[in-house]
Amino acid sequence: MEIVMGLLGKIGKVGRVAEPAPPRPDAPMPEAAHALGGSAQVRHVDAGSCNGCEIEVGQAFSPVYDAERYGARLVASPRHADALLVTGPVTRNMADALRACHDAMPRPGIVVALGDCARDCGVFAGGFGVQSAVRDVVQVDVEVAGCPPPPETIVAALRTLTGR
């Protein structure tokens, strides 16, 4: 009991350590995002990236940046997803899989091309295994620039989907 009281005393002295929320993003919401009702279930798809964007996506959903407090949540199935978060250029082996994942989503489905590689193939443009940018395979609603984009930029893009 003494240990618990000491721990509670320390917690009371420290207080809340989370940073205040950043300002609302200026970017307009995509048309389909109005139907989401303030929350977005997000399915992440790696279409052939170098994993730089995946590290930043992991940070965006970590306790430090906490994208979930703005209504964005990662889900494991495209059948449960409102939005696809696609990273990397679309490789030849992933083009059909990306289309199938997009087709499995309920409508309206929003697609976010995350990072320079997803937007225009980035440094991988012209590579043998690279087919195209994401917009050439599925319709893209939101594009996020950066190589890789920082977590706060990813959270801002997700906030445009939820309107929070």
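Look up: the structure comes first, before these words.
Predicted model, so just to flag it, every value in this text is computed and none were measured.

**Some words on helix α5 (residues 151-162)**
Between the first and last C-alpha of α5 there are 17 Å, a value that for twelve residues agrees with the 16 Å anticipated at 1.5 Å per step. Most of α5 is tucked away, with nine of its twelve residues classed as buried. Where α5 terminates, the next one or two residues include G163, which has phi positive at roughly 75°.

**Considering the packing of aromatic side chains**
Across all of its chains, the model carries zero aromatic pairs by this definition. The cationic tip of R92 hangs over the ring face of F128; the distance from NZ or CZ to the ring centre is 5.3 Å. In this structure, R159 is placed above the aromatic ring of Y70, and the distance from its NZ or CZ to the ring centre is 4.3 Å.

**Here's the deal with the sheet that holds strand β3 (residues 83-87)**
Across the sheet, which stays open at both edges, the five strands sit in the order β2-β1-β3-β5-β7 with parallel pairing between neighbours. Edge positions in the sheet fall to β2 (72-74) and β7 (142-144), since each of these pairs with one other strand and no more. In this sheet, adjacent strand axes meet at a mean angle of 25° when their direction is disregarded. Direction of pairing for strand β1 (residues 40-46) relative to β2: parallel, over a ladder of three bridges. Paired with V42 across the two strands is L74, which belongs to β2. Packing of helix α2 (residues 52-60) onto the sheet brings it into contact with β1, β3 and β5 (110-114), and relative to β3 it is tilted by some 135°. Helix α3 (residues 95-104) contacts β1, β3 and β5 of the sheet and is inclined by roughly 165° relative to β3.

The rules behind the values
Residues numbered from 1 in each chain as written. Predicted model: local features only at pLDDT ≥ 70, side-chain atom pairs only at ≥ 80, totals over all residues. Heavy atoms only, no water. Helix = DSSP H or I, 4+ residues; strand = E, 2+ residues; numbered from the N terminus. Expected span 1.5 Å × (residues − 1). Buried < 20%, exposed > 50% of the residue type's maximum accessible area, 1.4 Å probe, protein only. Phe/Tyr/Trp six-rings, centres within 6.5 Å; stacked < 30°, edge-to-face > 60°. Lys NZ or Arg CZ within 6 Å of the ring centre and 35° of its normal. Pairing = 2+ DSSP bridges. Axes fitted to C-alpha atoms, helices over the stretch in contact; angles between N-to-C directions. Contact = heavy atoms within 4.5 Å.

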